[in-house]
Amino acid sequence: MLRLHKVYHRLSLLHFSPLSLPSSLPSSLSPPLPRLSLRHTHRFSLPSMVTSRPRNLAPITALPAEDSAAAASNGTVSSSAAITTFADYEDDSSLGAGYRVPPPEIKDIVDAPPVPSLSFSPLRDKILFLKRRALPPLSELARPEEKLAGVRIDGKSNCRSRMSFYTGIGIHRILPDDTLGPETEVHGLPEGAKINFVTWSPDGRHLSFSIRVNQEDGDSSKFTVWIADVETGMARPLFQSPDIHLNAVFENYVWVDNFSLLVCTIPLSRGALPKKPLVPSGPKIQSNEEKNIIQVRTFQDLLKDEYDEDLFDYYARSQLVLASLDGATKEIGPPAVYTSMDPSPDHKYVLISSIHRPYSFTVPCGRFPKKVELWRADGKLVRELCDLPLAEDIPIAFNSVRRGKRSINWRSDKPSSLYWVETQDGGDAKVEVSPRDIIYTEPAEPLDGEQPAILHKLDLRYGGISWCDDSLALVYESWYKTRRIRTWVISPGAEDVAPRILFDRSSEDVYSDPGSPMLRRTQAGTYVIARIKKENDEGRYIILNGSGATPEGNIPFLDLFDINSGKKERIWESDKERYYETVVALMSDQEEGDLHLDLLKILISKESKTENTQYHFVRWPDKKLVQITSFPHPYPQLESLQKEMIRYQRKDGVQLTATLYLPPGYNPSTDGPLPCLVWSYPGEFKSKEAAGQVRGSPNEFPGIGPTSALLWLARGFAILSGPTIPIIGEGDEEANDRYVEQLVASAEAAVEEVIRRGVAHPKKIAVGGHSYGAFMTANLLAHAPHLFCCGIARSGAYNRTLTPFGFQNEDRTLWEATNTYVEMSPFMSANKIKKPILLIHGEEDNNSGTLTMQSDRFFTALKGHGALCRLVILPYESHGYTARESIMHVLWETDRWLYKYCVSSSSDAGSDSVKEKESIETTDAEKKVVATSGGGSKEESDIEYDEVHSLPRSSL
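My aim in this report is to walk through the structure given alongside it, one point at a time. (Residues numbered from 1 in each chain as written. Predicted model: local features only at pLDDT ≥ 70, side-chain atom pairs only at ≥ 80, totals over all residues. Heavy atoms only, no water.)

**Concerning the overall build of the protein**
This is how it is decided: The helix count covers DSSP runs of H or I at least four residues long, the strand count covers runs of E at least two residues long, and both are numbered beginning at the N terminus. Each residue gets one of three labels from its accessible area relative to the maximum for its type: buried under 20%, exposed over 50%, partly exposed in between, using a 1.4 Å probe on protein chains only. Where accessible areas are quoted, they stem from the Shrake-Rupley method and a 1.4 Å probe; at the residue level, only the protein chains shown are allowed to cover.
Helices and strands together make up the secondary structure of the protein, namely 11 helices and 50 strands. Taken across its 956 residues, the protein has 63% of its residues classed as buried. For the protein, the exposed surface amounts to about 34900 Å²; the carbon and sulfur share of it is 50%.

**Brief notes about the sheet that holds strand 38 (residues 614-619)**
Stated precisely, the cut-off is as follows: Any two strands with at least two DSSP-identified bridges between them are counted as paired. Lines fitted to the C-alpha atoms define the axes, with helices restricted to the stretch that makes contact. Angles between their N-to-C directions range from 0 to 180 degrees.
Strand order in this open sheet of four strands is 35-37-38-39, and the pairing throughout is antiparallel. Each edge of the open sheet is held by one strand with a lone partner, namely strand 35 (579-586) and strand 39 (624-627). Averaged over all adjacent pairs, the angle separating strand axes in this sheet is 35°, with direction ignored.

**Regarding the sheet that holds strand 18 (residues 370-376)**
With antiparallel pairing, seven strands are arranged side by side in an open sheet as 13-14-15-16-17-18-19. Each edge of the open sheet carries a strand with a single partner, namely strand 13 (253-255) and strand 19 (381-388). Strand-to-strand twist of the sheet, defined as the mean angle between neighbouring strand axes without regard to direction, takes the value 35°. Two strands pair when backbone bridges link them, and strand 15 (residues 318-324) and strand 16 (residues 329-343) are joined in this way by five bridges, in the antiparallel orientation. Considered in strand 16, the bridge of Ser-318 is made with Ala-336.

**A word on unusual backbone geometry**
Cis rather than trans, the peptide bond between Arg-357 and Pro-358 has omega equal to 5°. Note that Pro-358 resides in the loop between strand 17 (349-355) and strand 18. Pro-435 follows Ser-434 through a cis peptide bond whose omega is -5°. Locating Pro-435 in the fold gives a position in the loop between strand 21 (417-423) and strand 22 (437-443). One non-glycine residue with positive phi stands out, namely Arg-162, at about 65°. Note that Arg-162 resides in the loop between strand 6 (159-160) and strand 7 (166-173). The phi torsion at Asp-178 lies on the positive side, around 75°, for a residue other than glycine. Of note, Asp-178 is situated in the loop between strand 7 and strand 8 (184-185).

**Description of the packing of helix 7 (residues 739-756) against helix 8 (residues 772-783)**
Put simply, the rule is: Orientation labels follow simple angle bins: below 35 degrees gives roughly parallel, above 145 gives roughly antiparallel, 65 to 115 gives roughly perpendicular, and whatever is left gives oblique. Every residue pair with non-hydrogen atoms within 4.5 Å of one another is taken to be in contact. As a working rule, the residues Ala, Val, Leu, Ile, Met, Phe, Trp, Tyr, Cys and Pro are called nonpolar, Asp, Glu, Lys and Arg charged, and the rest polar, with Gly in that last group.
Running from N to C, helix 7 and helix 8 point in directions that differ by 85°, and their axes come no closer than 10 Å. Considering the angle they form, helix 7 stands roughly perpendicular to helix 8. Of the residues in helix 8, those touching helix 7 at Tyr-739, Val-740, Leu-743, Val-744 and Ala-747 are Tyr-772, Phe-775, Met-776, Asn-779, Leu-780 and His-783. For the contact of helix 7 with helix 8, the class distribution of residues is nine nonpolar, two polar and no charged.

**Points about the environment of Ile-725**
Note that Ile-725 resides in the loop between strand 44 (718-721) and strand 45 (726-728). Using a relative accessible area of 5% as the deciding quantity, one classes Ile-725 as buried. Linking Ile-725 and Gln-742, residues 17 residues apart in sequence, is a C-alpha distance of 7.8 Å. When residues no more than four places from it in sequence are discounted, the contact partners of Ile-725 are Ser-680, Pro-682, Gly-683, Leu-743, Ser-746 and Met-776.

**Quick look at the packing of aromatic side chains**
Which entries qualify depends on this criterion: Here a Phe, Tyr or Trp ring, Trp counted by its six-membered ring, pairs with any other such ring whose centre lies within 6.5 Å, and the pair is stacked when the planes are under 30 degrees apart, edge-to-face when over 60, and tilted otherwise. Either the NZ atom of lysine or the CZ atom of arginine qualifies as a charge over a ring when it sits within 6 Å of the ring centre and within 35 degrees of the ring normal.
Counted according to the given criterion, the structure contains 23 aromatic pairs. Where Trp-420 meets Tyr-440, the ring centres are 5.9 Å apart and the plane angle is 20°; that geometry is what we call stacked. In this pair, Trp-420 is assigned in strand 21 and Tyr-440 in strand 22, connecting sequence segments 20 residues apart. A residue is classified by how much of its surface remains accessible, and Tyr-440, at 16% relative accessible area, is buried. Taken together, the ring pairs connect Phe-250, Phe-312, Tyr-359 and Phe-368 into an aromatic cluster. Looking at Arg-800, its charged tip hangs above the ring of Phe-807, at a distance of 4.1 Å from the centre.

**Structural notes on the pattern of salt bridges**
As a reminder, the rule being used: Put simply, a salt bridge is a Lys or Arg side-chain nitrogen that is within 4 Å of an Asp or Glu carboxyl oxygen.
Per the stated rule, a full pass over the model turns up 57 salt bridges. A salt bridge links Asp-413 to Arg-411; the nearest nitrogen and oxygen atoms lie 2.7 Å apart.

**Considerations on helix 4 (residues 306-316)**
Put simply, the test is: In protein, a polar contact means a hydrogen-donor-capable atom and an acceptor-capable atom, both N or O and within 3.5 Å, with residues adjacent in sequence counting only if both atoms are side-chain atoms; elsewhere, any N or O pair within 3.5 Å suffices.
Helix 4 sits mainly inside the fold: nine of its 11 residues count as buried. The set of residues buried in helix 4 consists of Tyr-307, Asp-308, Glu-309, Leu-311, Phe-312, Asp-313, Tyr-314, Tyr-315 and Ala-316. On its buried face, helix 4 is in contact with strand 4 (146-148), strand 5 (151-154), strand 15, strand 16 and strand 17. Of the residues that open helix 4, the one with a side-chain oxygen 3.2 Å from the backbone nitrogen of Tyr-307 is Asp-305.

**Quick look at the environment of Leu-868**
Relative to the assigned elements, Leu-868 resides in the loop between helix 10 (852-864) and strand 49 (869-874). Relative accessible area serves as the criterion here: at 6%, Leu-868 is assigned to the buried category. Remark: the alpha-carbon pair of Leu-868 and Leu-838, spanning 30 residues in sequence, is separated by 8.8 Å.

**Some thoughts on the pairing of strand 18**
Examined bridge by bridge, strand 17 and strand 18 share seven bridges and lie antiparallel to one another. Bridge pairing links Leu-351 to Leu-374 in strand 18. Where strand 18 lies against strand 19, six bridges are found, and the strand directions are antiparallel. Each residue of the ladder has a partner; that of Val-372, found in strand 19, is Cys-386. Counted between consecutive antiparallel strands, the loop separating strand 18 from strand 19 contains four residues, among which Gly-379 sits at a positive phi close to 100°.

**Quick notes on the nonpolar core**
Applied cut-off: Here, the term nonpolar core denotes a set of buried Ala, Val, Leu, Ile, Met, Phe, Trp, Tyr and Cys residues that are joined through side-chain atoms within 4.5 Å.
Ranked by size, the top nonpolar core spans 63 residues in total, and within it Leu-720, Leu-780, Phe-788, Ile-837, Leu-839, Phe-858 and Leu-862 carry the most contacts. Setting aside anything within four residues of it in sequence, one finds Leu-780 in contact with Leu-743, Val-744, Ala-747, Val-767, Pro-785 and Phe-788. Val-110, Phe-701, Leu-874 and Ile-887 belong to the second-largest nonpolar core, a separate cluster that totals 40 residues.

**Overview of the side chain of Arg-124**
Checked against the element boundaries, Arg-124 lands in the loop between strand 2 (117-120) and strand 3 (126-132). Among the polar contacts listed, one links the side chain of Arg-124 to the backbone oxygen of Leu-586, at a separation of 3.4 Å.

**Some thoughts on the side chain of Ser-208**
Summarising the element assignment, Ser-208 is placed in strand 10 (residues 206-212). A polar atom in the side chain of Ser-208 sits 2.4 Å from the side chain of Thr-199. Side-chain polar atoms of Ser-208 contact the side chain of Trp-255, separated by 3.0 Å. Setting aside its immediate chain neighbours within four residues, Ser-208 contacts Phe-197, Val-198, Thr-199, Trp-226, Ile-227, Tyr-253, Trp-255 and Leu-261.

Spelled out as structure tokens, the structure:
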């Protein structure tokens, strides 16, 4: 199954690139939509993130579609006209009046309905349009949730809390001419059905999905599993009994074969919710009398006591039920906390993973004791593959892993063969050993005395395998500290063929990225490397799908690659003059065996600076494009915005890039310089050359998410989006040892460039960012106050002593790098911040490192030094903001701040010589806003981005 993935700031596809493992994952400020399926979905610790099966590309960010009522009458926005509307903020008498809404220019873009998500059938003959709603109301976030073992659970629905949903499913047949047939709506659903976990049966004849209805009425808020006939669209419940409900805290269900599903259900014998004792049985005690070294990052929502342990078991424990489409059901296995189910390609076996006690109060559930078992498809236990102990002591160094068997999977090219990896360094990346990882393989049921075979040995950390057949597989390994990444060619079925290195490069060097092998679906439903044949040619070909990074921007490509000789032939390339095109998937994989080059069919996305993403089919040999979607422009009032990818240089010679956006109709020679908003996120590099490489394309469509900085184009701002802020640590030097110096130098270069171009007023440049970008913003106002008139910092961490065991890409502890931790912390420089700063934070932030307390205490420090600052705490919101009321209020706060301290700023705005007369706002019970203009009340309001172990981030 293929799903299309829309990311923040643009409508694009998440490209799965095992040959070019990134050092970071992209992130989104917008709320995630629900997982559609957990099958073929794995959570990776970067840079080891590759599997032999493609990831489910589930949409995470809604981009608005056209709202004709909101569109400007002439389709453009005048920069001068937009700025005049800021006069609305001259009267601040209603600052404590609850949730606010930004001006219509912004509100109408955010409120426009989103486009649907897409999902192709296994046989590539049909396509689903999964329909979505706009932003959810705050009342949904206000539903009670349990915070247990790093997981937030909606007890009424027995699922992860704050899940979004689909409102409908439309089915289109792909016609012989590659156009789409009329829509068949999935029908027979209860009124108000909220749809989640949409998956295709292996043969593509049925859909499975879950439904919940009235979330306030007993069991109707719980999930039920439904089946729809793809030909007719008729839907019905899978279970005849209305008492069987889905447990969606971890795994939900998988298709075992074309006619049956294995479902995680709420045990019918579960009983009543555990009651919290009125009086504790004793004190809470944690002990380390064995003197173990246990270093963990600042995980949140951990278990606190025995009651939490019981509550976690209550919600997370499932009963597995094997259900056939004909209505037959069978309970298999005992109730347990099942976390994954993975049927073998021949449907004879199922890999079952579960977690069990003893639990931990120190780490989240991903490190709890883990058992992996092999079952037959009928539920009979074959054998236990491993039972891993509690993993509290995984070192914080990147590339450190859990001891024991890990990454246990089925070979995609075999009916039922297993493979896994075992570390040879005890899981500690600081231990020097060769080999570091060993890959093993064995049949599902080995013969008596048969030992696992060693498939391959690695000196770096295992990063995944792409399987093809017994003669070909690609194995990936990488090492974060050096950014080294290698691809090996092996012959799994031929012991006499020596492995050889195919690619050996730096993961930071995007210009040398050769691309990823395109995968094809087998009749068993797995994905393997597509073998390609040419007419009258005996070469051993595969197709490499690459992003095509160049100094002029990305130019995606397909290369026909001879795996033996290494020769390449470019068979497709994006239009680099006007459009940005990317290859989404191979569509001509219905038949077994090698694919003929002249019969290839692919799906591509196509967009430009002014044209939003549409999807097209391309067939060989003529490569004619057939458009299959016609999504309306999401914000026609900004259709003629101006976009340019610009390059400039830092004073130390590092080449930098940014994307400069200007309002529609703006002319610098006649309109003069504009107020400017700089929005960015720092990234770490090992070399100046890699830091200076161009990433992205000048022809990408400027997708605007609900909290995007680009919304202020509609208010007449110039936007400098994503200027590179490289923090470079070459050789043995750690990047963060010169963090402040390099941060300021990068910001100075960006500001000088927009001023030189005449598009930004030197005294009206604001800076902002989310998460690590908020950390950046606070540091820039502290150490480069001459550059910016004000700042907006959302969901940041400001005091590194509160994250003593590493943060972001820093894996040294506070005690190993004390000066670095202190000097990087803007909290320690609160006395230097003289420019206005707006702090925004979700009250329920669950991201590692960015506790809400970070903003509370930073605001108190700023207020204690008379800084002009404002703190906005958003009730019920987490690290990213979800509810419409919250998002609209964030936009209102930001718009007001930009008007008062950027548009209306003078050369000394926010300095000590200027004493604002704005009084301190009292805390609003609904909005929880605390504000000060310097030296007023002493009243006190008592995440780096996804700081997951081994998961560095470098860009937002």
